[in-house]
Structures are given as structure tokens and as C-alpha cells.
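# Residue-level structural notes
Here's the letter readout for the chains.
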Amino acid sequence: MGDIMKIGFVSLGCCKNLVDSQNALSFLKASGHVFVDDPKQAEAIVVNTCGFINDAKQESIDTILKMADYKKNNLKYLVVMGCLVQRYKQQLIEELPEVDLFISIDEYKQLPQLFNQLFKSETIYDRSVVIATPPHTAYLRIADGCSNRCTYCAIPLIRKDYKSEDMDTILKQAKELEQLNVKELNLIAQDTTRYGFDKDGKLHLAQLLSELNKMNFTWIRVLYMYPDEIDDNLLQVMSKLDKVVPYFDIPVQHSSNRLLKLMNRRGTREQIIDIVKKIRSMFKNAVLRTTIIVGFPTETDDDFLDLLDFVKEVRWDRLGGFTYSLEEDTAAYNIFPRVDEQIAKERLQKLMEVQNEISYQNNQRFIGQKLLAVVEGVDSIGRNRYIARSYQYAPDDIDGHIVIESDRELNVSDFVEVLITSADSYDLFGKRV
């Protein structure tokens with residue numbers, strides 16, 4: 001048996017990255033290593049990077065440099081893995097000599113060997129699942145990569161073409177999470193609705209959900225659904241499955257059909273509106289989340305006004321807005337004229353002001369309702385107050401929370417019934433029933 005290392009782990013970027021981090025943590029645990037929260041105590045630090053847009057790339061670089069500082073303490077090894085490495089490995093090797101090992105996504109199959117070689121250790125135990133989330137919730141990746149080729153997106157450059165996991169593998173992983181007493185299962189992929197299409201040309205998400213619904217989960221949530229693949233069969237199946245929550249994360253990116261075509265997005269403004277109407281007619285208290293890009297090359301004032309009208313018409317419950325990020329090697333890099341950065345920022349601010357009011361009004365409908373919520377922690381403001389989530393809130397900290405007052409002590413992972421008494425744009429407030 002080799003050296004036992006104290007390892008600190010930093011996972012940046014999306015929940016899909018977090019699944020890769022969990023796999024790495026599982027290998028490291030199986031080699032007998034232990035994990036520490038305080039980087040000052042760490043003998044090795046692993047940073048899983050994001051390389052999706054410029055802000056994420058900058059955060060990754062800043063984090064690597066910050067972690068490198070701990071080499072003044074106990075730190076012997078700094079390992080960097082993930083999307084940034086996949087995209088810029090040679091540059092990073094040249095510019096960051098402080099890093100002892102770079103691992104690209106292409107090398108993930110060799111993760112155990114690479115770690116064991118560097119740390120002079122060996123995998124000595126059966127590999128067990130490690131989750132990097134609170135114990136009641138977990139992400140389950142059903143596919144990797146993307147074949148949609150949106151013109152602004154670097155994901156296919158990083159993650160390659162869409163590849164569905166075998167259903168048997170997914171169900172086995174779900175069983176392991178069920179045995180860990182996970183109660184909220186979140187299915188993720190770059191495009192969950194496309195699941196299975198790469199294998200036989202058919203969409204299999206409905207079938208997968210039907211199998212997962214037989215397991216002992218409280219909530220099953222689907223994240224990242226492509227609007228043109230949400231068909232009647234999928235909606236009908238979801239409406240009949242008691243554990244699958246009516247939470248629809250549908251990134252649409254824009255409303256202008258001209259821009260959607262330039263972005264190489266399938267579907268139209270009209271189709272998006274139709275699918276939203278259908279969802280709301282079929283599901284009581286459906287939650288609809290989306291993402292929007294402003295400032296995409298050639299976006300005019302009229303395009304932006306159309307977008308505001310669209311947002312007011314659809315009335316999304318959750319909306320994440322972003323200014324366009326210019327990414328080398330993507331098709332949109334060569335689309336002109338580009339929108340001035342300041343104009344893009346002003347448009348984003350206006351969009352979020354409009355959405356803020358819509359979110360506020362939408363949240364008022366929950367006042368007086370009783371919701372099942374899972375406790376996630378103690379509120380820092382005062383005693384007897386807790387932070388929780390109902391199914392209306394995804395676990396990625398983007399959606400907001402429910403703040404609960406309770407006269408008895410609550411524990412993390414408790415499911416409690418909450419009477420909602422007030423609401424703002426992002427959070428609900430209530431009392432434990």
C-alpha cells in the first residue's frame with residue numbers, strides 16, 4: 001500500500017463537472033486517501049476546471065493560482081483536470097509550472113493510474129460512490145457530450161459528440177444512490193431529452209423515467225430539456241409518474257427566429273410558446289426555467305424588444321440571463337457585426353429587471369399553499385430559521401430557496417411540510433406545519 005494523502009478538492013462549473021469530480025473522489029477514496037476541507041491542511045489539491053465561457057475560464061485560472069499558494073504550507077501536489085485542460089492543455093503546461101499534473105477529459109479512463117502514479121498509491125478497496133452534494137440529493141448523468149453544434153458553444157470542442165449511457169448502467173448507478181438514501185435524483189446531460197437518440201434514432205427519456213420512478217426516490221428532476229424534443233409522449237409519461245416533478249428546465253437562448261437560426265438552434269419562437277402552453281395546461285404548479293443570451297452578434301434593438309415581449313408573454317418562473325461570450329473556434333466567432341459589450345450589459349440589466357417583476361408575481365401564487373420541502377441548512381439571520389427547497393427549486397443554488405420558521409429543531413435532509421406566508425422574487429418564506 002502506498003502513501004495516504006490528505007486531499008483538498010475544488011469543483012468548478014456545472015453539475016455535469018460535479019459528476020466527474022465525484023468519480024475522481026471515488027477513485028481517491030478507493031486508494032485510501034482522505035479528504036480535507038481546509039486547503040492549508042492539504043498535501044494534495046485537485047481542481048476540476050470549467051472552460052465554457054470567458055468568466056468561467058478566468059475563475060478557473062484564479063482558483064489554480066490561489067491553490068498554488070498553498071505550496072508554501074504542506075501542499076506537495078497540485079492537480080488540474082477538466083474542461084479548461086481539455087481545451088488548452090499545452091498552453092496551461094507552459095504557463096502554469098506550479099501544477100504537477102494536468103488531466104484532460106480524454107484521459108479520464110486513466111484517472112486511477114494517473115492519480116496512483118503521482119501520489120505513489122494504489123487502489124486497494126472496492127470503489128464506492130462518493131457524492132459531492134448534501135446527502136439527500138444527487139446528480140445522475142445520463143449522457144455526455146453534445147452534437148447540437150450551437151454556433152456560440154464550445155461544449156462539442158471540449159466534450160465531443162453526444163453519447164448516451166446504457167440504460168442498465170444508469171439504473172445500476174441510480175440503485176447505488178438509492179442505497180445511499182438519496183431522496184432527490186437530478187438527471188443531467190447537455191440535452192437530456194435527446195437521451196438514446198444516438199443509439200437507435202429514438203428518444204428514450206420517457207422509458208428511463210418510468211424505470212427510475214419504480215425506485216425509492218421522493219423527487220426525480222430532469223434538467224436541460226431541448227424544446228423541440230419535448231414531445232406529447234414524454235409529457236404524458238411525466239404527468240403519470242408520481243415521483244417525477246413538474247420542473248421544466250428549457251434553455252431557449254432567444255426569441256428572434258432570425259437569431260435562433262444564426263445560433264443553429266432547432267425550433268422557433270412559436271414552437272416554444274406552444275410547448276409552454278401545453279406544459280402549463282397539463283401540469284398544476286409547473287415550474288419553467290430557461291436561459292437567455294443577449295448581445296449575440298447582429299442582435300438589433302428590435303430583436304431585443306422582441307425578446308422582452310416574449311419574456312413577458314411566457315412569464316418564465318426562473319430565467320438566467322447572460323451576455324454573449326466570444327469563444328474562439330466556434331462558428332459565431334466569425335459572425336459580424338458584433339454587439340458592443342456595454343450595450344449587451346445594458347440589455348441584460350433591462351431583461352433581468354423585467355424578469356424580476358415576473359418572478360415576484362409568479363411566486364405570489366404559492367402564498368397560502370402547503371409545500372413539501374427538504375431542509376438544507378440553518379439560516380444565518382436568526383434562531384429557528386432554516387434554508388430549504390421544495391421541488392420548485394433545483395439544487396444548483398440558481399433558483400432561490402424557502403426560508404422556514406420552525407419552533408422545533410430541524411436537521412439537514414429532513415423533509416417537512418411548510419405553509420408559505422410570503423414571497424419575494426427569488427425566495428419563499430413560511431412556517432413548518
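What comes next is a walk through the structure. (Residues numbered from 1 in each chain as written. Predicted model: local features only at pLDDT ≥ 70, side-chain atom pairs only at ≥ 80, totals over all residues. Heavy atoms only, no water.)

## Observations concerning the packing of helix H6 (residues 167–179) against helix H8 (residues 205–212)
- Interaxial distance between H6 and H8 falls to 11 Å at its minimum, and their mutual angle equals 30°. Comparing their axes, H8 and H6 come out roughly parallel. The handedness of the crossing between H6 and H8 is right-handed. Along the contact surface, H6 presents Met167, Ile170, Leu171 and Ala174, while H8 presents Gln207, Leu208, Glu211 and Leu212.
- Residues of the contact of H6 with H8, tallied by class, amount to six nonpolar, one polar and one charged. (Axes fitted to C-alpha atoms, helices over the stretch in contact; angles between N-to-C directions. Helix = DSSP H or I, 4+ residues; strand = E, 2+ residues; numbered from the N terminus. Parallel < 35°, antiparallel > 145°, perpendicular 65-115°, else oblique. Left-handed = near helix turned anticlockwise from the far one by under 90°. Contact = heavy atoms within 4.5 Å. Nonpolar A, V, L, I, M, F, W, Y, C, P; charged D, E, K, R; others polar.)

## As for helix H11 (residues 269–282)
- Taking 1.5 Å of rise per residue, 14 residues should cover 20 Å, and H11 covers 20 Å from first to last C-alpha, within 8% of that figure.
- Check the buried side of H11 and you find it contacts helix H9 (232–240), strand S11 (244–249), helix H10 (257–262), strand S12 (287–294) and helix H12 (301–314). (Expected span 1.5 Å × (residues − 1).)

## Thoughts on the pairing of S12
- Burial analysis of S12 places seven of its eight residues in the buried class, which makes it a mostly covered element.
- Bridge analysis of S11 against S12 gives three bridges, and the strand direction is parallel. Note on S12: the bridge partner recorded for phenylalanine 248 is leucine 288.
- Strand direction decides the pairing type here: S12 and strand S13 (residues 318–323), joined by six bridges, are parallel. (Buried < 20%, exposed > 50% of the residue type's maximum accessible area, 1.4 Å probe, protein only. Pairing = 2+ DSSP bridges.)

## Overview of the sheet that holds strand S1 (residues 6–11)
- Judged by pairing direction, the sheet is parallel, and its five strands sit side by side in the order S2-S1-S3-S4-S5 without closing on themselves. Since the sheet does not close on itself, it has two edges, and those belong to strand S2 (34–35) and strand S5 (101–103), each with one partner.
- Alignment of strand S3 (residues 44–49) against strand S4 (residues 77–82), held across six bridges, turns out to be parallel. Each bridged residue has a counterpart across the sheet, and for threonine 49 the counterpart in S4 is glycine 82.
- On the sheet, helix H2 (residues 54–68) packs against S1, S3 and S4 and is oriented at approximately 175° with respect to S3.
- Contacts between helix H3 (residues 83–95) and the sheet are confined to S3, S4 and S5, with S4 contributing the most and set at about 130° to the helix.

## Some details on the sheet that holds S11
- Judged by pairing direction, the sheet is parallel, and its six strands sit side by side in the order S6-S9-S10-S11-S12-S13 without closing on themselves. The sheet is open, and its two edges are formed by strand S6 (137–141) and S13, each paired on a single side. Across this sheet, the average inter-strand angle for adjacent strands is 20°, counted without regard to direction.
- Running over the sheet, H8 touches strand S9 (184–188), strand S10 (219–222) and S11 and is turned about 160° from S9.
- Against the sheet, helix H13 (residues 341–364) engages S12 and S13, with an angle of about 175° to S13.

## Some words on the nonpolar core
- Leu209 and Phe248 are the most contacted members of the largest nonpolar core, which has 57 residues in total.
- When residues in this core are grouped by element, the largest group, six residues, is from H12.
- Not counting residues up to four positions away in its chain, the partners in contact with phenylalanine 248 are Met225, Leu235, Met238, Ile279, Phe283, Ala286, Val287, Leu288 and Arg289.
- The next biggest cluster of nonpolar side chains, apart from the first, holds 22 residues, and it includes Met5, Val46, Ile105 and Leu111. (Core = buried A, V, L, I, M, F, W, Y, C linked by side-chain atoms within 4.5 Å.)

## Observations concerning the layout of surface pockets
- Of the pockets and cavities examined, the second largest pocket occupies roughly 1200 Å³.
- Along the wall of the second largest pocket there are 35 residues; nearest its centre are Asp20, Asn23, Arg141, Glu165 and Gln173.
- Within the residue set of the lining of the second largest pocket, elements represented by two or more residues are helix H1 (15–30), S6, strand S7 (143–144), helix H5 (155–159), strand S8 (163–164) and H6.
- For the lining of the second largest pocket, the element with the most residues is H1, which contributes six residues.
- Considering only residue class, the lining of the second largest pocket consists of 12 nonpolar, eight polar and 15 charged. (1 Å grid on protein atoms, 1.4 Å probe; cavity = no way out; pocket = protein on both sides within 12 Å on 5 of 7 lines; lining within 4 Å. Points joined across faces, edges and corners; volume = space filled by probe spheres on them.)

## Some remarks on the packing of aromatic side chains
- Tallied over the entire structure, the rule returns seven aromatic pairs.
- Seen from their ring centres, phenylalanine 248 and phenylalanine 283 are 5.1 Å apart, and the 65° between their planes marks the pair as edge-to-face. With phenylalanine 248 in strand S11 and phenylalanine 283 in the loop between H11 and S12, the pair connects residues that are 35 residues apart, well separated along the chain. The same class applies to phenylalanine 248 as to phenylalanine 283, namely buried.
- Of the aromatic side chains, those joined through ring pairs into one cluster are Tyr77, Phe115 and Phe119.
- Against the face of tyrosine 247 rests arginine 221, its NZ or CZ located 4.6 Å from the ring centre.
- We note arginine 318 situated over the ring of tyrosine 393; from NZ or CZ to the ring centre the distance is 4.5 Å. (Phe/Tyr/Trp six-rings, centres within 6.5 Å; stacked < 30°, edge-to-face > 60°. Lys NZ or Arg CZ within 6 Å of the ring centre and 35° of its normal.)

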